[in-house]
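Below are the chains, spelled out letter by letter.
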Amino acid sequence: MLLSIFRLMQCRNVNKHSVNELLGVSLPHRPRLGLRIDLVHRDSLLSPISPGNISSIERLKRAIGRSQDRLEKLQMSAGLKSERLGGQVKDVQAPVSAGNGEFLMQMAIGKPTLSYSAILDTGSDLTWTQCMPCSDCYKQPTSIYDPSLSSTYSTVPCKSSMCLALPASACTSAACEYLYTYGDYSSTQGILSYETFTLSSQSVPHIAFGCGQDNEGSGFIQGGGLIGFGRGPLSFISQVGESVGNKFSYCLMSVTDSASKTSSLFLGDTASLSGKIVGSTPLIQSSSQPTFYYLSLQAISVGGKLLNIPHGTFDLQPDGTGGLIIDSGTTITYLEQAGYDSLKKALISSISLPQADGTTIGLDLCYNAKSGHSTTKFPTITFHFKGANYNLPKQNYIYVDSSGIICLAMLPSSGMSIFGNFQQQNYHILYDNGKNELSFSRKVCDSM
């Protein structure tokens, strides 16, 4: 199945409308949900593609490599503009999405149900899985879903608003075809459809998803597809909407914790925060990049001293470039070069250890801590978001290896900044799309 020519689709501003208004349909009543779901790190011993009992530094090196790939995809997504002329897309390539991630969750599709692992991605919208008949599919750990065996499967009509919400689509035989590309020559292509999904024994009917019959590339081999938790109307979290109170949260284990432990995802009533200190900052939505969760980073301080970072360094620009997003699928934090340079300079002045070469690890600022590590003082880094301060103690920005090398788990970037999951570990983080607000509190995630 080829999508060489795309049908002109009407562009609509989704920011001021609910998903139901956008779709123009009355979705089935969804009871209020409260779910807790285990998140398995892709390099965990519990992962279907576990690399085995590798060292913590090897896990970090693998994660850094994937983070760099994901940064490039996100940058492409923020910068690519497809022109639609004369009923066709001038660029044959569809808009680029992030499409990979660090965490897997177990879910099931159809009736009778078929279980599989899906990549959780807060940087993508479309939920999809591989489907039979498959013209080109990668090998996945579980059986491939066959819609002909499910009593709850149906296709999305070509003229539906859900089809119109796709960034690139075409109609053949009254079916809505889609194409999503992911920047590294990975892609999924197939039929936009409806199906019942089951999470933690709770069934959710009539979810629009991509029934992928042509799926290429190496970015998805850890699971049978992807579950989109972005902010756009096609995402799973947007479609379930009111039934989960328009919110979800997660608490991520430290990357240095046991490889057999899981993190936690919460939906609906279970997503609320508890703790002595809860910070909240607005979620910003870009009209040109509505999928991403942007935050307003106003300043950074080290040891209580504000850094001399040029004003506007982390501002989101009208064309969708710049800004800082919070992302579960990127391990380390990437800061715009001017901000990173100021942070690096302050840390060099504050940490009294000999510097070391971190090239083999993939990080920039490293120290030799074989002696003096236990007595060395490490300053707290504070990210000053609008309305809230996010404190990073040593364990949230310094990677410590058993060899005695320690490194800053951040790198410079250009055109986009990302707040990665290393900096989110042992924080309970709540995304409230109803309030357009992100909240957080310190938590030992292993105890939740």
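Residues numbered from 1 in each chain as written. Predicted model: local features only at pLDDT ≥ 70, side-chain atom pairs only at ≥ 80, totals over all residues. Heavy atoms only, no water.

### Overview of the side chain of Ser44
- Mapping Ser44 onto the fold places it in the loop between β1 (34–41) and α2 (56–79).
- Engagement of the side chain of Ser44 in a polar contact is seen with the backbone nitrogen of Leu46, the distance being 2.9 Å.
- Ser44 has contacts with Ser50, Ala259, Ser260 and Lys261, leaving out every residue within four places of it along the chain. (Helix = DSSP H or I, 4+ residues; strand = E, 2+ residues; numbered from the N terminus. Polar contact = N/O pair within 3.5 Å; in protein donor to acceptor, adjacent residues only side chain to side chain. Contact = heavy atoms within 4.5 Å.)

### Quick notes on the sheet that holds strand β17 (residues 297–302)
- Pairing in this open sheet of 4 strands is antiparallel, and the strands run β18-β17-β23-β24 from one edge to the other. Each edge of the open sheet is held by one strand with a lone partner, namely β18 (305–306) and β24 (388–392).
- Alignment of strand β23 (residues 381–385) against β24, held across 5 bridges, turns out to be antiparallel. The partner of Phe383 across the bridge, within β24, is Tyr390. (Pairing = 2+ DSSP bridges.)

### With respect to the packing of aromatic side chains
- With the rule as written, the count across this model stands at 18 aromatic pairs.
- Summarising the aromatic geometry, the rings of Phe292 and Tyr294 are spaced 6.1 Å apart at their centres and angled 65 degrees between planes, so their arrangement reads as edge-to-face. Each member of the pair Phe292 and Tyr294 is classed as buried.
- Judged by centre distance (5.8 Å) and plane angle (90 degrees), the rings of Phe385 and Phe419 are edge-to-face. On the criterion of sequence distance, the pair formed by Phe385 in strand β23 and Phe419 in strand β28 (residues 417–419) is long-range, its members being 34 residues apart. (Phe/Tyr/Trp six-rings, centres within 6.5 Å; stacked < 30°, edge-to-face > 60°. Buried < 20%, exposed > 50% of the residue type's maximum accessible area, 1.4 Å probe, protein only.)

### Quick look at the environment of Thr122
- Relative to the assigned elements, Thr122 resides in the loop between β5 (114–121) and β6 (128–130).
- Apart from residues lying up to four places away in sequence, Thr122 is in contact with Phe229, Gly230, Phe248, Thr291, Tyr293, Ile326, Asp327 and Ser328.
- Among the polar contacts made by the side chain of Thr122, one reaches the side chain of Asp327 at a distance of 3.2 Å.
- Looking at Thr122, its side chain comes within polar contact range of the main-chain nitrogen of Ser328, at 3.2 Å.

### Focus on the pairing of strand β26 (residues 405–408)
- Across the two faces of β26 the burial is the same, with Ile405 and Cys407 and Ile406 and Leu408 all buried.
- As paired strands, strand β22 (residues 366–368) and β26 are joined by 3 bridges and run antiparallel to one another. Bridge assignment links Tyr367 to a residue of β26, and that residue is Ile406.
- Hairpin connection, strand β25 (residues 398–400) to β26: the antiparallel pair is bridged by 4 residues, and Gly404 has positive phi, about 105 degrees.

### Looking at the sheet that holds β25
- The strand order β21-β22-β26-β25 describes an open sheet built from 4 strands, whose pairing is antiparallel. Unpaired on one side and paired on the other, β21 (355–356) and β25 mark the two borders of the sheet.
- Examined bridge by bridge, β25 and β26 share 3 bridges and lie antiparallel to one another. Within β26, the residue paired with Val400 across the bridge is Ile406.

### Looking at the pattern of salt bridges
- For the coordinates displayed, the defined rule picks out 8 salt bridges.
- The salt bridge partner of Asp446 is Lys261, with a shortest N-O separation of 3.0 Å. With Asp446 in the segment after β30 (437–442) and Lys261 in the loop between β13 (247–251) and β14 (263–268), the pair connects residues that are 185 residues apart, well separated along the chain.
- In this structure Lys261 comes out as partly exposed when scored by relative accessible area, which is 34%.
- Through salt bridges with shared partners, one network takes in Asp43, Arg62, Arg66 and Glu102. (Salt bridge = Lys/Arg side-chain N within 4 Å of Asp/Glu carboxyl O.)

### What about the state of the cysteines?
- Per the counting criterion, the structure on display carries 6 disulfides.
- The residue that forms a disulfide with Cys163 is Cys176, at a sulfur-sulfur distance of 2.0 Å. Taking the sign of the torsion about the S-S bond as the criterion, the disulfide between Cys163 and Cys176, at about 90 degrees, is right-handed. One end of the pair, Cys163, is in helix α3 (residues 161–164); the other, Cys176, is in strand β9 (residues 175–181), with 13 residues separating them in the sequence.
- Residue class for Cys176 comes out buried when judged on its relative accessible area of 0%.
- Disulfide connectivity for the protein, with bonded cysteines indexed by sequence position, reads 1-8, 2-3, 4-6, 5-7, 9-12, 10-11. (Disulfide = S-S within 2.5 Å.)

### What about helix α5 (residues 337–350)?
- Compared with the 20 Å implied by 1.5 Å per residue over 14 residues, the 20 Å span of α5 between its first and last C-alpha is a close match.
- Residues of α5 that are buried: Gly339, Tyr340, Ser342, Leu343, Ala346 and Leu347. Buried positions in α5, seen along its axis, are confined to an arc of 165 degrees and lie on one side of it. Turned more than 90 degrees away from the buried face of α5, the exposed residues are Lys345 and Ser349.
- The inward-facing, buried residues of α5 contact β17, β20 (333–336), β22, β23, β26 and β27 (410–413). (Expected span 1.5 Å × (residues − 1). Arc of directions from axis to C-beta.)

### Digging into the environment of Ser154
- One can find Ser154 in strand β7 (residues 154–155).
- A relative accessible area of 30% means that Ser154 is categorised as partly exposed.
- Along the chain, Ser154 and His206 lie 52 residues apart, while their C-alpha atoms are 8.8 Å from each other.

### With respect to the confidence of the model for the protein
- A residue-level look at the protein finds 84% of positions with pLDDT of 70 or above and a mean pLDDT of 84.
- Overall, residues 1–28 carries pLDDT values under 50, and its contacts beyond four positions in sequence, including any with other chains, amount to 58 contacts.
- Counting interchain partners and residues more than four positions distant, the pLDDT-below-50 stretch residues 80–98 has 59 contacts. (pLDDT = per-residue confidence, 0-100.)

### Let's talk about the nonpolar core
- Core analysis: the largest hydrophobic core is formed by 69 residues, its most contacted members being Ile300, Ile381, Phe383 and Met410.
- The contact partners of Ile300, leaving out residues within four places of it in the chain, are Lys305, Leu306, Leu307, Ile309, Phe314, Leu335, Leu343, Ile381, Thr382, Phe383 and His384.
- Formed by 20 residues, the second largest nonpolar core is a distinct cluster that contains Phe292, Tyr294, Ile405 and Met416. (Core = buried A, V, L, I, M, F, W, Y, C linked by side-chain atoms within 4.5 Å.)

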